[in-house]
Amino acid sequence: MHRRVMLPLALIMALSIAVLPGGIVPSSAQGTGTGPRTITGSYTLTNPIYPLIGADVDVVLYELTGNVLFDYNFYPPVEGQVSGQIAGNIASGNYTLTLPETPQGTSLDFDGDPATPPAVQVFAIANYIEYLGELDMVDPGESPLVASVYIDPLGYAITHGTVLVWSAQDGEAFPGSLGPDGALFTSDDTLLTLPAGWSVIDLSSDPFTIIRDETVDMPLLESLGELKNYSAEDPVTAWNMLFERIRETYPMAEDKNIDWDALYADITPRVEAAESTLDYHLAIARLGAYIPDGHLSYFSVDVAQAFLLGGVGIGQMVVTDDKEIVITNIQPGLPAEAAGIVEGDVLVEVDGTPALRFLEQTPLLIASASTPHSVTYWRAATMLLGPIGSRVEITVRQANGAERTTTLVREPDVSALMLAATPEDSGARVIEGRLLDSGVGYIAVRDFAADVSLADAWFEQELQALIDAGATGIILDLRFNTGGLVDLAMAIAGRFFPEPVRIGDLYYADGDGGFAYRGYIETLAYAPYYDGPVVVLVDEMTTSAGELFAYSMTLDDRAIVVGHTPTNGSTGEISDGQYVLPGDLSLQIPTGRIADPDGGATLIEGTGVQPDIVVPRTRASLLSPADEVLEAAEAALLAQ
């Protein structure tokens, strides 16, 4: 998943903004103290993604100058980011933060009087993922998870919550109301006067309330990334709410030539005619037929029970380059093994239909797919699944060329789903390295979501050990890296570039029918820096942040990419695209697009990162104990 840039980048020292009309308005005051000293509060995330991330979180005093100026290239300086203490985890908790006597933020001038210097600093309290083991947000792509202000996802304006302001002296101006547009820091805000020192400004009253108590509670509000829960609506209303939002926010509609009218005309009658939760969920799953996007996914217990939990013990099948469907995993104690089917058998027919045609007719009931090779992957994983107790007739061609047909009864079996979604070495450490016998260094980077707060340090250790051992090159294995935190991916990629490299720009719906720039993604420069030859290994399950990493390594011809297939081709940003519909249907669909900084073309989505060296995928290679992709990578490095 990619984190949207909420309050991004680039230090600005002293700024003025235009005078806000409306004059000075009286404000109510709460408390009689000389200003806040301790801030407390709590937070709860509804977004279902973040609890899955293995990461520590911290809380910080976070400068809002970027929001005041609507400057998406503003980066809060490290020296202004005072850290607090959290009791809790990424999903929920409480915090305490002690304010500094004098903050180190950017001074702003809200009265527009050139005779008075900027003297007001503006902050929020925010929590964030601590993925580098440090107490500051040094990644230009990093953004808070939740903050004490609510930011409208379709305009990025602050609409409610609480802010902290510091004034150098009495009488400085600050917005006193949201004005008719309901947004803070816009031209229709009225003004109020501030006392010297710290104040908490409650944005819920009109005019705003200035809070001067010594200890102030400031809850953290989920805004960008908040779960859109339509489950209490009737099914038709929920569908219409979903449709209207995704039509406005799906960022690759033009790239993919989405016909919204045709989509709505097809799905709406199915929704209206649905007589069961299963019918309703199958109707919503029709989205994938119109929106080919690997980040469009859905989970329904009803659909799973009806179609996905019955199997015959064929755990995995792979389509070769010459279009053979080869069985590569047989689960013990299940019908396929009992029928004498073995690994290496080729699937020829299913229920009397040629296997390839049957595969092409298999619906995608878990997720859509962005590329033909990822469509094939998921269809191969699910094509033999069905209701428990149902029968399936299959014909296989054995190693001796003989064909045999057998009828199998599906039993409870989720092995195909588990192997499709989880690599066989899923219990291994997320970062592992070793020196190969050839003298080439090898580091497996299995994902960017597990052990997030440790992974960067582990990578640093493994890379330094290989440098110290005199590795003649480095192989980075990103196969089956299904993504995670793009900030972490960029930190690791940065160790192979002498300075930061801008990867892509982020665009989101602007609330006016278009899409607007909201920040950028770049590699980070960290030690140790390695300038030797590099090869990156990929496959069709190198996805999202995993393929952004692979793409970054293609810039400036930094690395050779090796694999059987391109990467997955799914790079839309999904944090604000989480939904729940009636019947507990969970759905996600991207809301952010990553564009080439030079020209604006969408990056990677729908194509994937292409290997420089394509390793043939044959029946023999699938059955070989050798890792032919790794061998090709070694040969490429040794040839340099």
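Starting afresh in each chain, residues are numbered from 1 along the sequence in its written order. Whole-chain, interface and lining totals are the exception, using all residues; otherwise, since this is a predicted model, local features are given only for residues with pLDDT of at least 70 and side-chain atom pairs are given and counted only at 80 or more. Calculation of side-chain values draws on the structure's entire complement of heavy atoms; hydrogens and water are dropped beforehand.

### Quick word on the overall build of the protein chain
Broken down by element type, the protein chain carries 16 helices and 37 strands. Based on C-alpha atoms, the radius of gyration is set beside the globule rule, defined as 2.2 Å times the residue count to the power 0.38. Taking 640 residues into account, the globule formula puts the C-alpha radius of gyration at 26 Å, and the protein chain, at 27 Å, falls close to it. Among the 640 residues that make up the protein chain, the fraction classed as buried is 58%. Pairs at least 24 residues apart make up 74% of the contacts formed inside the protein chain by residues separated by at least 6 positions. Secondary structure elements are taken from DSSP: a helix is a run of H or I of four residues or more, a strand is a run of E of two residues or more, and numbering for both begins at the N terminus. The buried label goes to any residue with under 20% of its type's maximum accessible area, the exposed label to any with over 50%, and the partly exposed label to all in between, with areas taken from a 1.4 Å probe on protein chains only. We call two residues contacting when some pair of their heavy atoms lies within 4.5 Å.

### Focus: unusual backbone geometry
In this chain, Asp-206 is followed by Pro-207 through a cis amide linkage whose omega measures 0 degrees. Following the sequence through the fold, Pro-207 ends up in the loop between β14 (197-202) and β15 (209-211). Of the consecutive residues Ala-527 and Pro-528, the connecting peptide bond is found in the cis state with omega at -5 degrees. One can find Pro-528 in the loop between β31 (515-522) and β32 (534-538). Positive phi, close to 55 degrees, is recorded for Asp-556, a residue that is not glycine. Considering the arrangement of structural elements, one finds Asp-556 in the loop between α14 (545-552) and β33 (560-563). Asp-556 gets classed as exposed once you look at its relative accessible area, which sits at 67%. Residue Ile-604 is not a glycine yet carries a positive backbone phi of 70 degrees. Residue Ile-604 is classed as buried on the basis of its relative accessible area, which comes to 7%.

### Thoughts on a negative patch on the surface
Together, Glu-349, Asp-351, Glu-393 and Glu-403 make up a region of like negative charge exposed at the surface. Along the chain, Glu-349 falls in strand β22 (residues 346-350). Looking at Glu-349, the relative accessible area reads 31%, which means it is partly exposed. In this analysis, a patch consists of residues with relative accessible area above 30% that form no salt bridge, clustered at 9 Å for like charges and at 5 Å for the nonpolar side chains Val, Leu, Ile, Met, Phe, Trp and Tyr. Per-residue and other accessible areas follow the Shrake-Rupley method at a 1.4 Å probe size, with only the shown protein chains counted as cover for residues. Any Lys or Arg side-chain nitrogen found within 4 Å of a carboxyl oxygen on Asp or Glu counts as a salt bridge. None of His or the chain ends enter the tally, which takes Lys and Arg as positive and Asp and Glu as negative. Here the site of a charge means atom NZ of a Lys, CZ of an Arg, CG of an Asp or CD of a Glu.

### Thoughts on helix α4 (residues 260-273)
For α4, with 14 residues, the first-to-last C-alpha span of 20 Å sits near the 20 Å given by 1.5 Å per residue. Contacts made by the buried residues of α4 are with α2 (235-249), α3 (253-256), α5 (277-284) and α6 (287-290). For α4, the side-chain oxygen to backbone nitrogen distance between the N-cap and Asp-261 is 3.3 Å, and the N-cap itself is Asp-259. Multiplying 1.5 Å by the helix residue count minus one yields the expected span of that helix. Under this definition, polar contacts are N or O atom pairs within 3.5 Å; protein pairs additionally need one hydrogen-donor-capable and one acceptor-capable atom, and for neighbouring residues in sequence, both atoms have to be side-chain atoms.

### Structural notes on the nonpolar core
One finds Val-122, Ile-125, Leu-164, Phe-174, Leu-476 and Met-553 to be the most contacted residues of the largest nonpolar core, which totals 108 residues. Here this core takes eight residues from strand β8 (residues 120-129), the largest share from any one element. Beyond its immediate sequence surroundings of up to four residues, Val-122 is in contact with Tyr-62, Glu-63, Leu-64, Thr-65, Val-68, Leu-108, Phe-110, Leu-164, Val-165, Phe-174 and Phe-185. Grouped together as the second largest cluster of nonpolar side chains are 27 residues, Ile-258, Ala-285, Ile-291 and Tyr-298 included. The nonpolar core is taken to be a set of buried Ala, Val, Leu, Ile, Met, Phe, Trp, Tyr and Cys residues, with the residues joined through side-chain atoms within 4.5 Å.

### Quick word on the side chain of Ser-570
Its location among the elements puts Ser-570 in the loop between β33 and β34 (578-581). The exposure class assigned to Ser-570 is buried, which follows from its relative accessible area of 0%. Separated by 3.4 Å, the side chain of Ser-570 and the backbone nitrogen of Gly-294 make a polar contact. When residues no more than four places from it in sequence are discounted, the contact partners of Ser-570 are Gly-294, His-295, Ser-370, Thr-543, Ser-544, Glu-547 and Glu-605.

### Some thoughts on the packing of aromatic side chains
Stacked, tilted and edge-to-face pairs are distinguished by plane angle, under 30 degrees for stacked and over 60 for edge-to-face with tilted covering the rest, among Phe, Tyr and Trp rings (Trp via its six-membered ring) whose centres lie within 6.5 Å. If you walk through the whole model with that rule in mind, you get 16 aromatic pairs. For the pair Trp-239 and Tyr-264, a centre-to-centre distance of 6.1 Å together with 15 degrees between the ring planes defines the contact as stacked. Of this pair, Trp-239 sits in helix α2 while Tyr-264 sits in helix α4, and the two are 25 residues apart along the sequence. Judged by relative accessible area, Trp-239 falls into the buried class, the value being 0%. Among the residues examined, Tyr-264 registers a relative accessible area of 28% and is labelled partly exposed. Chaining the aromatic ring pairs together yields one cluster made of Trp-239, Phe-243, Trp-260 and Tyr-264. Of note, Arg-434 hangs over the ring of Tyr-442, and the distance from its end group to the ring centre comes to 4.5 Å. A ring has a charge above it when a Lys NZ or an Arg CZ is no more than 6 Å from the ring centre and no more than 35 degrees off the ring normal. A cation over an aromatic ring shows up here: Arg-518 above the ring of Tyr-156, its NZ or CZ 4.5 Å from the ring centre.

Don't take any of this as a statement about function, it's just geometry.
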